[in-house]
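An overview of the molecular structure
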Amino acid sequence: MKAAPAAQKRLLDLAELDSVVDRLAHRRRTLPELAEIDELSAKVARLATQVIAAETEAGDLAREQAKAEVDVDAVRVRAERDQKRLDSGQVSSPKDLASLQSEIASLHRRQSDLEEVVLEIMERREAADAQATKLSAERDELATTRGGAEDRRDAAFAEIDKEAGEAKAKRATVTADIPADLLALYDKLRDQFGVGAAMLQGGRCLGCRTSLSIAEINRIKAASHDEVIRCEECRRILVRTPESGL
Ligand SMILES: [Zn+2]
């Protein structure tokens, strides 16, 4: 392949811009905020599940409490009814009176036991409510922290994208100076090696840092200026400049 030396030199400008674009893309992919956001999102999701579990438990206990309160009421109503019968004086037989008094006493014990149960459920319910409130607050705080990290990420993205946009605009100007076949070769090599062209500096390929042999240097010296030279070692396009040491 042949190309004017000026067009070949433009490959170095292109390689420089491409390395800027690559660095920016790498920075975009590896922003510390991305890992931070992932970690916070996992924590927020875990807490959200725990909040639902605590709220479900509190709801179950509220229903259990309502049911136990109905039981307390039923026993209380029965005890009151018995007490009224006792107070009315309608029951006169000593045996019936003793039986009624015994039932009232038994109902009072039962009511007291059931009230204990209600109190115990209430305590568990309050603990579940407090747990749900605490976990919700933690979840909200982490979500706010994540919001901050997302803002920083977006600001960094905007800055990176602006710089990448500028580099790509410059790249378009540079590629306009390069013949299509040379550019195609450069792009192919760039896909393959990351960098498509390198300077020959002091007898060394700056792409793979290999020093060329005397025979190789002599071969390049003998080649015409518009010959497109490739590094024997890394196959990249070797661009000759006054610094090449030829
Ligand atoms: Zn090389």
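Being a predicted model, the structure only gives us computed values, none of them experimental.

Let's talk about helix α1 (residues 5-29)
- The terminal C-alpha atoms of α1 lie 36 Å apart, and with 25 residues this matches the ideal 36 Å at 1.5 Å per residue to within 8%.
- Among the residues of α1, those classed as buried are Ala7, Gln8, Leu11, Leu12, Leu14, Ala15, Leu17, Asp18, Val21 and Leu24.
- On its buried face, α1 sits against α3 (94-175), α4 (180-193), β1 (197-201) and β4 (237-240).

Structural notes on the pairing of β1
- Taken across its five residues, β1 has four buried, putting it largely inside the fold.
- The turn joining β1 and strand β2 (residues 204-205), which pair antiparallel and follow one another in sequence, is formed by two residues; a positive phi near 55° is taken by glycine 202.

A closer look at the coordination of the zinc ion
- Within the first shell, the zinc ion binds the protein through Cys205 (SG), Cys208 (SG), Cys231 (SG) and Cys234 (SG), at distances of 2.3 to 2.4 Å.
- One can describe the site at the zinc ion as tetrahedral: its four donor atoms subtend angles covering 105 to 114° at the metal.
- Sequence spacing of the donor residues for the zinc ion, all on one chain, is C-x2-C-x22-C-x2-C. Here the residue cysteine 208 occupies a position in the loop between β2 and α5 (214-222), and cysteine 234 occupies one in the loop between β3 (229-230) and β4, the gap between them amounting to 26 residues.

Conventions we followed
- Residues numbered from 1 in each chain as written.
- Predicted model: local features only at pLDDT ≥ 70, side-chain atom pairs only at ≥ 80, totals over all residues.
- Heavy atoms only, no water.
- Helix = DSSP H or I, 4+ residues; strand = E, 2+ residues; numbered from the N terminus.
- Expected span 1.5 Å × (residues − 1).
- Buried < 20%, exposed > 50% of the residue type's maximum accessible area, 1.4 Å probe, protein only.
- Contact = heavy atoms within 4.5 Å.
- Pairing = 2+ DSSP bridges.
- Donors = N, O, S within 2.8 Å, 3.2 Å for Na, K, Ca; no water.
- Tetrahedral: all angles 85-135°; square planar, octahedral: opposite > 155°, others 65-115°.

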